[in-house]
Amino acid sequence: MSITNSEIASLFRKLADLLDIEGANPFRIRAYRQAALVIDTFPRSIADMVANGEDLSQLPGIGKDLAGKIQTIVKTGDFPTLDEVMERTPPVLTDLLQIPGLGPRKVELLYESLGVETLADLETALRNGRVAGLPGFGPKTVSNLLAELEKLRLKGPEKRLPIVEADPIAASLIRYLSAFEGVIKVQMAGSFRRRKETVGDLDIVAAARNGPGMIRYFCAFPDVRQVELRGVTRGTIILKSGLHVDLRVVGEKSYGTTLAYFTGARSHTISIRKLAVKNGWKLNEYGLFDAAGKSLAGADEQGLYKAFGMAWIPPELREMHGEMEAARSKNLPDLLPENAIKGDLRVASSVAPLSELANRAGALGYEWIGIADPFPSDRSGRKKLQTRNDRIDRFNAGGAAVHFFKTATIEIPLNGGLPDDSDLLTQLDYLCCYPANHAGSEGADPTESLIRTMDQAKALDLPVILLQLTGRQINAQGRLHVNLDAMAEHAAKLGHAIEICEQPDQLGVSDTQCQRLLQKGARLALASGAMSPTDLSMMKYAVWQARRGWAESRNVANCRHWKEVFR
DNA sequence: GCCGTTTTCGGCCCGACTGTTTTCAGTCG
């Protein structure tokens, strides 16, 4: 079984952490971290690229040296550089870095002077008073560390929150802050504004006449468990759910540069700052200034990007995945708007009666909905699906404003294809096919069976939507090893589509995978995957992820009139 | 360790806040 991108990235991160504790050249450490980030979010399998003999030093942030190290890791499974460092510095030390307030310098000091290696060592040293004597460790630090250790024991390491769950929390925070007297502007920033699939915390930026007052007001938010930090321009609270929320308040003239800065992503922000330095300018939260200190931009983001000869970049694209070049050459995508969605491609019939679904669809501005139920394997199941199909036909014949498609979800076994039931299959408008992903299929490659399925469906003149291609789960990597390039090219050739869906147990392709699929000419199908009426709103999050994947309306089947969805 | 139309050396983003200091280091974002 070949090594995954995230496994390679973890090795580099581990090395960077250990070098950090050793006090190595910080720029070298940054290079390893940067490479880890690039590898982690890269849409293709690095191991496959090595097998194909492709030149890895073409990847951003990866030069000749790192390309060679990656090759060694992929081919031999060994990482000699990491082994050497682990001989000098105990690898378990990186566990200590997860404690807020403990950075590499303090970890090094604890290890060198007290021999502290593990979390248990740390607790003992804190309790018997040996830590308190160290330079930089006062009584406050000791009690903070004990509190953090307790938190870690109770809750485990902080997990990232799905944006689906963060969305209502963000909305309530913005509602609360908008009610502050003296607020001029306030909005979400950070990874939430970039619509990342999961968020680690929430960042909010505001312009206000009374900054410190607004921070105090923020710290009094009803759902606060603890105020972590309360400064003049910045506050951090921890909600009862454990979620960290940051607020920065600046003057109106700095709102745009502050918003841009705290929207990130970090690599995107750094790259803009580098452009400023190159021009002899200075960019910080408070504005963009020339050498004489004259303000060139600050109040809004448009002005900031314009100063560099770029179009305004939508937050979803600010990930250093090619957006800077596209903005400079005026080639940014015209991102899929939420209101361009004309229908939902996969809704279970159990959600509601057709008439009620039609009402809900109308309220969402939809023209059509695809009704999807599991494809049956026995006689009674066939009968039920046929009855459902008849019901849909009768409803459509009634001339309602909303059209319903008949479809079914079909699990494609490894080494298999479509079920041998063309009578029933051809009663459907299209098929929703997903690769088998049971316990024990980790690392399996469903590419061949899915290609076969696409061919079989084409012979029956049936369009296919491919779901759950990589077996991804929130907070975990994909469990299937599908060749996405091959999927995209074959689907494009035959007129099939690939799904984006944000139901936690039915995840579609990720943002960077989406971007890659579009480059290969694939068409996207967005679905709520709804099993209940409120789930219909999950479409919003599919749109967000499609936007992160550079999707335009023309790439998305959902933007078409019902007669043309699969043309 | 990466990177480059001010290239093969010498740079590498920048500020807020805390806890520890008596002017600043470490951490964080």
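Residues numbered from 1 in each chain as written. Chains lettered and ligands numbered in written order. Predicted model: local features only at pLDDT ≥ 70, side-chain atom pairs only at ≥ 80, totals over all residues. Heavy atoms only, no water.

S.K.: I would appreciate a short explanation of the protein's contact with DNA strand B in the present structure.
M.R.: Taken together, 48 residues form the shell around DNA strand B, and within it Gly61, Gly103, Gly138, Tyr261 and Arg273 come nearest. Those atoms of DNA strand B that come within 4 Å of the protein belong to sugar or phosphate at a rate of 74%. A distance of 2.8 Å separates a phosphate oxygen of DNA strand B from a polar atom in the backbone of glycine 63. At 2.9 Å, a side-chain N or O of lysine 282 approaches a phosphate oxygen of DNA strand B. Broken down by secondary-structure element, the contributors of at least two residues to the surface near DNA strand B are helix 2 (26-41), helix 4 (64-76), helix 6 (104-114), helix 8 (139-155), strand 5 (224-230), helix 13 (266-278) and strand 8 (282-284). Partitioned by chemical class, the residues of the surface near DNA strand B number 19 nonpolar, 12 polar and 17 charged. (Near = heavy atom within 4 Å. Polar contact = N/O pair within 3.5 Å; in protein donor to acceptor, adjacent residues only side chain to side chain. Helix = DSSP H or I, 4+ residues; strand = E, 2+ residues; numbered from the N terminus. Nonpolar A, V, L, I, M, F, W, Y, C, P; charged D, E, K, R; others polar.)

S.K.: Whenever I open this one, the sheet that holds strand 2 (residues 183-189) confuses me. Can you help?
M.R.: By way of backbone hydrogen bonds, the strands of a sheet pair with one another, either parallel or antiparallel. Strand order in the open sheet formed by 5 strands is 2-4-7-6-5, and the pairing between neighbours is mixed. Unpaired on one side and paired on the other, strand 2 and strand 5 mark the two borders of the sheet. In this sheet, adjacent strand axes meet at a mean angle of 20 degrees when their direction is disregarded. The sheet contact formed by strand 6 (residues 234-239) and strand 7 (residues 244-250) spans 5 bridges and is antiparallel. Counted as the bridge partner of isoleucine 238 is histidine 244 from strand 7. Contacts from helix 9 (residues 163-178) reach strand 2, strand 4 (202-208), strand 6 and strand 7 within the one sheet, and its direction differs from that of strand 2 by about 170 degrees. The strands touched by helix 11 (residues 211-219) are strand 2, strand 4, strand 5, strand 6 and strand 7; relative to strand 7, the strand with the most contacts, the crossing angle is about 165 degrees. (Pairing = 2+ DSSP bridges. Axes fitted to C-alpha atoms, helices over the stretch in contact; angles between N-to-C directions. Contact = heavy atoms within 4.5 Å.)

S.K.: Would you mind going over the pattern of salt bridges with me for this structure?
M.R.: Two side chains bearing opposite charge may form a pair once their charged atoms approach each other closely. Inspection of the entire model under this criterion finds 33 salt bridges. For glutamate 285, the salt bridge identified is with arginine 273, shortest N-O distance 3.6 Å. Remark: arginine 273 occurs in helix 13 and glutamate 285 occurs in the loop between strand 8 and strand 9 (287-289); sequence separation between them is 12 residues. The closest approach of N and O atoms between glutamate 319 and arginine 548, which form a salt bridge, is 3.0 Å. Placement of the pair is glutamate 319 in the loop between helix 14 (301-307) and helix 15 (323-328) and arginine 548 in helix 22 (residues 539-548), with a sequence separation of 229 residues. Of the two residues, glutamate 319 and arginine 548, both sit in the buried class. A single network of salt bridges, built from pairs that share partners, joins Arg44, Glu54, Asp485 and Arg516. (Salt bridge = Lys/Arg side-chain N within 4 Å of Asp/Glu carboxyl O. Buried < 20%, exposed > 50% of the residue type's maximum accessible area, 1.4 Å probe, protein only.)

S.K.: What's the story with the domain arrangement of chain A in this structure? I'm lost.
M.R.: Reports of interface size often rely on the accessible area that becomes lost once the parts have come together. Split by domain assignment, chain A resolves into domain 1 (5-155), domain 2 (161-250), domain 3 (257-328) and domain 4 (338-564). Taking the mean C-alpha position of each, domain 1 and domain 3 sit 30 Å from one another. (Domains from an automatic or database assignment.)

S.K.: What exactly am I supposed to notice about the nonpolar core here?
M.R.: In summary, soluble globular proteins display a tendency toward joint burial of nonpolar side chains. Core analysis: the biggest nonpolar cluster contains 59 residues, and Leu431 and Leu526 have the highest contact counts within it. Of all the elements, helix 20 (residues 484-494) adds the most residues to this core, at 5 residues. Setting aside anything within four residues of it in sequence, one finds leucine 431 in contact with Thr407, Ala408, Ile410, Leu418, Leu425, Ala457, Leu462, Pro463, Val464 and Ile465. Residues Phe218, Cys219, Val245 and Met538 belong to the second largest nonpolar core, which totals 33 residues. (Core = buried A, V, L, I, M, F, W, Y, C linked by side-chain atoms within 4.5 Å.)

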